[in-house]
Structures are given as C-alpha cells and as structure tokens.
Amino acid sequence: MADYKWPEEGKRKYIGKRISRVDGPHKVSGRAKYTYDLNRPGMLFGKILRSAHAHAKIVSIDISAAEKMPGVKAVKIIQGPGTEIQWALDEIAAVVAVDEPTAEDAIRAIKVVYEKLPHFVNEQNLDQVPAAYRRQPTEQTKGEPDAAFKQSDVVTVEGTYGNDVITHCCLETHGLVAEWEDDKNVLIHPSTQSVSSIGQELARALGIPAGNVHVKMDHIGGGFGSKFPIDRWGIEAARLSKMVGGKPVKIMLERDAELAVAGTRPSAYAKVKVAATKDGKLLAWDSESWGSGGVAGTGMPPYPYVWQIPNAKTKHFSITTHVGPQRAWRAPNHPQAALITMSAIDDLAAKLGTDPLDFFIKNIEMTGVRANVYKDELLKGAEMIEWKKLWRPRGEGAVGSTKTLKRGLGLSIHTWGGGGHASDCDLTIHPDGSVEIKLGSQDLGTGTRTTIQIVVAESLGLPFDGVKVYIGDNKYPPSGSSGGSTTIGGVSASSRRASIDALNQLFEKIAPAMSTTPDKLEATGGKIQVIGDPTKSMTWKQACAKLGTQPLTTRGKHPGKESLTSAGVGGAMMADVTVDIETGIVKMNNFVAIQDCGLIIDMKTAESQVFGAMIMGIGYSLYEEKIMDSQTGRMLNGNMEFYKLPGLADVGNFKVHMMTGKGYDERGPIGLGEPPTVSPGAAISNAVANAIGVRVSTIPLTPERVLAALAMKKGGSNG
C-alpha cells in the first residue's frame, strides 16, 4: 500500500522540479478574469462618499439631491449623524447608478456637515507625540542589562533607527461584485485571500445563514495580507444589491482610497543601545521603541530580532494616530524588527572594526535552534555576492568605488513560521481515468494551483496534465485563508493524503484482477504495477475502468495522519549597492537571498516568490512611504505618481539559493511568502551605511535622507 510520506530525492518526477504555472498562459493572454474584469448582465456601479477629515463628528447628511438624479438607483447612508470619524476617507454614504460617472456625480451631490475634531497623524518623533496619543508602555527585561553595560570590557553603540508607515498597494484594488440569486441567497465575486471564510463574515453582517452566501473567485490581483475581511464596502455592496432588486453591484476602490484606507504596515522607531565584549561577543541590548498602525496603535516588534542576547531590556510605546488602519503585510512586525536589530548590530561591528559577516558568524550560536542553518546560509551568500573580495570597512567604499560613487555591502538574517493551515479537499478518480481535486482555496499568484497539481500527479504516478484542479469557490471543501505563509503546507498535505487514500482504494479494487494483494502495488508512469515489475501492470485507464459506473472520491485533511509539513525557517540576504554621494541616489547592484522552506514542491515558483519578496523589499527600503499632512490629516501621495514603487530598472541583479536536500526536505513543505520580505530593509540599510560611512537612520533611504546623513557626517556627527 502507498503511504503518506513524501517520496525521497531521486524518486520524484515532479516535486522539486522547475514547472511553469498552469495558469500562466491564461494570465499572459488576458483570458484570466479578475474581480475588476467581471461585468455581470445588468450590472450597476457603486461609489462611496468618503470623509474629508481625519477626525470629525458627523452632524448631518442630506442625500435628497443625489436620490433625485437621473440614473441613480439607490443611495444609502453608511455612517449617520453622531458618528465619530477616525481617519480621512472613511466611508460615509454609498450610491448605486447605471454607470460610474453618474455615481460619482451623485456622490458629489450629497451634503455632509462635520464638526471637526483634533487629529494627530505623524508619530516619527516620540518627544513630539502628545501624551493623549501614547499608551502605557510595554516593558520586558531578561538577564541583567544594566550591569552588563557597565562592565569594563565592553564596546557600546547607541543609535536611532526606524521605518515609516507604508501602505498596501495591490495592483487590483479591494472590492467585489455582489448579486442576489433570490431573496435569500447572495453571490459575491470578491478579490480576497479567504475564499472559504469571507462568506461567513458577510452572512453574519447580513443576518442570513452562512450557506446562503456563495463566493467565487478565479484570480486576485495582489493581497499581501490586506484582503482577508469582507470590509464595510463589501457588506454595503451586498446591501445595495438587495435594494435594487438583486441586480449585480460592483464596488472597487479608487486608488486614493486603496492607499488611504485598505491597510498600512505599521511604523517602528527605536532608540537602541547594544554592547559586545571587546573580543566581539554580543552581551547586552536596551531599546526604547514606538510606532503606530493607526487608531489601534501597534504592538512591539520582537526586539532584539533573531538574536537571543543574554541581557536585554525593551520598552515600547503604542502610538494612536488618525490614519487608516493597519493590516497584515507580509511577515507582520518582522521587517521592522529586523531593520532595527540588524542595523544596531551592524553599527556595533563597525565600531569594533570587524567585518559584520565575521561578527554574525562569531555570535551565531545566539540565534538558537537554527544557528547551523544561518551559518551555512551566510557562508553561501558570501560566496554568491563575493563578500570577502568586495567588502571594505565602513566609509572606505567597497571595491569599485570612485570619488563620488561609493559601493557598499550589507547583510541580515531572518525567520518565520509558515506552518500549514487547516485544509480539506475532495479528490475524485473517474472511471474514465480523469482525476480532479476540489478545495476552497485561492491562488494569490504564487502558484497554488500548480503545487496542488504537482502533488496529485506525483502521488498518483500520472502525467502532469492528467489532473484538474478546482479552487476559488466556497462550495468546495473548506481550506484556510492565505496568510502567514500557511497555504502551501495546508493544501499540499491535504492533497497528498487525499491522493494516497484514493490510490489505496483503487489498489484494493484492482488487486484481484492482477492476482496480487494491494500492498504489492504501486502507481508509476501512468500505470499500476506490481512493485518493481513493469511486466505485471495495467494502464491507469484500465485500472480506473474497474471502478464500474461510480467514481471514487476521498476527503483529504490537514492536520491528519503522519506529519507532512512543519514550521519555522531561516534565511539570509546580502545587498550590494552604490550610493551617489552628490545626489543621494542609492542604486542596487546585486541582491542575493538564501532561504530554506523545507521540501520544495516547485522550484520555479519557489524562486519566483523570493524574487517578488526581494522586489517588495527594495520598494519599502528605497521608495515607499505614506506621507501624511499634519495640518489636514490627509495622505499627500495617494496615487501611483507619488507613492513610489521600483521598476525593473531599479532592482539590480538577483540571485536566489534555496536550501534543499538532507536536513531540509524531511521537514515537508513550509510556507515561503513571508520570510524573504523580512531582511531587505536591514541588508540594504547596512549596505548604504557601509558605502558612505554613516547610518541613514530611517527607511525609505530617499536621496534627501542620504544627503542629510552625509551632511551630518561632514559636520562631525555620526547620525
């Protein structure tokens, strides 16, 4: 009988190979339909009136003029008089009309009277944060940090580090199409990371049974942690659809609303003191940190990050701001923690006059259970980027520097969980030999369909195109939301179990016809045979014909029997940059990533996920920031012209190395979406510091900030 455990290296036909995404041709040809592309018969368009103020109380709303306009089918107040608005562009009222221009005209016809209230939107300087916006600090102490800093044989550095709030910037904005199939059942086509559960949230809001909400989504144009909830606009689209007799209503956010209200990654700033013995052993950490994710503030990132420094003291202030709320953003809190921790440790290595690579490796045992993994990754990265050939002490400029163009190298390490989420699936083998698998998962563009197809084809010994994968519908068996890098572990494990259960049931059906017992059979090369004896076999179709008229269906689950996936990974990144000290422009030369994620199902899509994370990392390191106007409380760069993102010419050369083989593959698949987004800010910031001889304290490392740091250095300050 076949067992659940993953096939060993050398016995894998598809797993671990470079296989192109099955939906690639649909996407590049434009045949793939996203929520934005859906135009249902008789569809109407919804638009939302948004608050002009960051903090205000609604005094009155007059919708009468909008209701009378030709082409307007419904007007609905979302937040009525007496409501206190907490951020600019929050939802006030909604309109449904025959087309978007009419809906926009109607929105402008709605009259709202506000009572403006005090607001606060910029938390970068802790000393300037009013007491009313600070929550009681969180404090933690390990060991004896005060005593450790006072030892005579220590070298100490102090610095201030931080990263500004950035915003989600999905190319397909949030939204959905909602329509009522009858008075009790609603069909929605959302852009979501949670096909199986978003319908339950909508059902609660509408007061109907969860089974009365049908969710369908084929493709999503980006999520990155921002598209879990149904959101107020999604609920209102369903309500508005019912108001207009069940007709389809589409509401998709405009770009300014997307950037203002659809989710931020919280800021994080810290004043850090860190010490090592004179011979280079990490000894003590002391940090006072703060940050904000909007009205809810934010929790303390895990300081110090990765490093288990024996004597550590942390103090963190959660700051309340009148800014659109935070949402998960690939590896929540980890990029912030990595930037601040790795920057401080890099500064300490510089003060000691030590190569940071050597400093990291000397202290690598302080990284805990993955110390050997980190060491191997750092050594591999150093080889890939030619660290020992190029690196020079801070301020000297690495090999290739000129009078005005200074080259530098920087590094960082990171971790993440990535355990598989709960996932059910139904796998069906039909008497004609066709195979299909159904589950209520979603493909965020990372290749979920492809990995499921690989697992099933490998498990059943079939040609890759002999399996059909169906996802994106909540009527299929429930599978978890795509968050925390949990999808690959969940869906691969449940798919494997379903495949093996189905195969063993098929073995039981055909074993008598092959004059053997089920435990003596195997599936390989599109046929069923006696183990190791291809002369005693039958084709897959011949075997399936033995099912008679009834297909064979099995339910795969995760968690389930045997351990097929695990959690906890480590990675390292190294950046090679050139800084123009006359203009302050940072140019990426080379960027390398070394990552483990257990058993890799598809090497091509795994590397692609890392490439995408590296591009995002360059974005938040050099370009992205949510610029808030203190006077108005509004976002100043709420568009694709001034919310800066890198283009292909800005990212330099990438190299990725995945840690595979013995010691890694045995752990089973572990999620990969989050971990490679953690280290870019730290690695790039450290590379810039190495190049120009001074720390640019806050990312993004804009030309203005680089020039300001250089000016402070020239004036005698270390920034």
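**Notes on the overall build of the protein**
For step 1, the next point in the chain: In terms of helices and strands, the protein carries 17 helices and 29 strands.
For step 2, the next point in the chain: Against the globule reference of 27 Å for 719 residues, the protein gives a C-alpha radius of gyration of 28 Å, in line with a compact fold.
For step 3, the next point in the chain: With the C-alpha coordinates of the protein rotated into their principal frame, the extents come out at 85 × 75 × 45 Å.
For step 4, the next point in the chain: Put simply, the protein has 719 residues, and 59% of those count as buried.
For step 5, the next point in the chain: Counting every atom, the protein has about 27800 Å² of accessible surface; 51% of that belongs to carbon and sulfur.

**Some points on the environment of Leu206**
For step 1, the next point in the chain: Secondary-structure assignment places Leu206 in helix H5 (residues 195–206).
For step 2, the next point in the chain: The spacing of Leu206 and Arg239 is 33 residues in sequence and 7.7 Å in space, taken between C-alpha atoms.
For step 3, the next point in the chain: Not counting chain neighbours up to four residues away, the residues in contact with Leu206 comprise Trp180, Val186, Ile235, Ala238 and Arg239.

**Some words on the pattern of salt bridges**
For step 1, the next point in the chain: All told, the structure shown has 35 salt bridges when counted by the stated rule.
For step 2, the next point in the chain: Put simply, Arg705 and Asp164 hold a salt bridge, and the shortest N to O gap is 2.6 Å. Residue Arg705 is located in helix H17 (residues 703–714), and its partner Asp164 is located in the loop between strand S8 (154–163) and strand S9 (166–167); the two are separated by 541 residues in the primary sequence.
For step 3, the next point in the chain: For Asp596, the salt bridge identified is with Arg667, shortest N-O distance 3.9 Å. Of this pair, Asp596 sits in strand S27 (residues 586–596) while Arg667 is found in the loop between strand S28 (653–659) and helix H16 (680–692), placing the two residues 71 residues apart along the sequence.

**Re the packing of aromatic side chains**
For step 1, the next point in the chain: A full pass over the atoms with the stated rule returns 7 aromatic pairs.
For step 2, the next point in the chain: On the numbers, 5.6 Å between centres and 85° between planes, the contact of Trp329 with Tyr620 is edge-to-face. A residue pair is termed long-range when its members are at least 10 positions apart, and Trp329 in the loop between strand S17 (311–318) and helix H8 (334–352) and Tyr620 in helix H15 (residues 603–622) qualify at 291 residues.
For step 3, the next point in the chain: According to the relative accessible area criterion, Tyr620 is buried, its value standing at 1%.
For step 4, the next point in the chain: An angle of 70° between the planes, with centres 6.0 Å apart, marks the rings of Phe591 and Phe654 as edge-to-face. Remark: Phe654 occurs in strand S28 and Phe591 occurs in strand S27; sequence separation between them is 63 residues.
For step 5, the next point in the chain: Members of the aromatic cluster, joined through ring pairs, are Phe591, Phe611 and Phe654.
For step 6, the next point in the chain: In this arrangement the basic side chain of Arg265 is found over the ring face of Tyr620, its NZ or CZ atom lying 4.4 Å from the centre.
For step 7, the next point in the chain: One Lys or Arg, Lys468, reaches over the ring of Tyr470 and ends 5.9 Å from the middle of that ring.

**Things to note about the domain arrangement of the protein**
For step 1, the next point in the chain: In terms of domain boundaries, the protein breaks down into domain 1 (9–32 + 420–558), domain 2 (35–117 + 174–252) and domain 3 (264–418 + 566–714).
For step 2, the next point in the chain: A C-alpha centroid distance of 38 Å is found between domain 2 and domain 3.
For step 3, the next point in the chain: Contact residues are listed per partner, giving 15 residues for domain 2 and 13 residues for domain 3.
For step 4, the next point in the chain: On the domain 2 side of the interface with domain 3, the three residues burying the most area are Gln86, Trp87 and Phe224, jointly 46% of the side's total.
For step 5, the next point in the chain: Our enumeration of links across domain 2 and domain 3 arrives at 1 salt bridge.
For step 6, the next point in the chain: Between Arg327 and Asp231 there is a salt bridge; the shortest N-O distance is 2.4 Å.
For step 7, the next point in the chain: The interface formed by domain 2 and domain 3 includes 7 residue pairs in polar contact (both at pLDDT 80 or more).
For step 8, the next point in the chain: Of the residues contributing to the side of domain 2 that touches domain 3, the split by class is 9 nonpolar, 5 polar and 1 charged.

Quick notes on the rules
- Residues numbered from 1 in each chain as written.
- Predicted model: local features only at pLDDT ≥ 70, side-chain atom pairs only at ≥ 80, totals over all residues.
- Heavy atoms only, no water.
- Helix = DSSP H or I, 4+ residues; strand = E, 2+ residues; numbered from the N terminus.
- Rg over C-alpha atoms; globule rule 2.2 N^0.38 Å.
- Buried < 20%, exposed > 50% of the residue type's maximum accessible area, 1.4 Å probe, protein only.
- Areas by Shrake-Rupley, 256 points an atom, 1.4 Å probe, with all protein chains shown as cover.
- Contact = heavy atoms within 4.5 Å.
- Salt bridge = Lys/Arg side-chain N within 4 Å of Asp/Glu carboxyl O.
- Phe/Tyr/Trp six-rings, centres within 6.5 Å; stacked < 30°, edge-to-face > 60°.
- Lys NZ or Arg CZ within 6 Å of the ring centre and 35° of its normal.
- Domains from an automatic or database assignment.
- Buried area = accessible area lost by both parts, 1.4 Å probe.
- Polar contact = N/O pair within 3.5 Å; in protein donor to acceptor, adjacent residues only side chain to side chain.
- Nonpolar A, V, L, I, M, F, W, Y, C, P; charged D, E, K, R; others polar.

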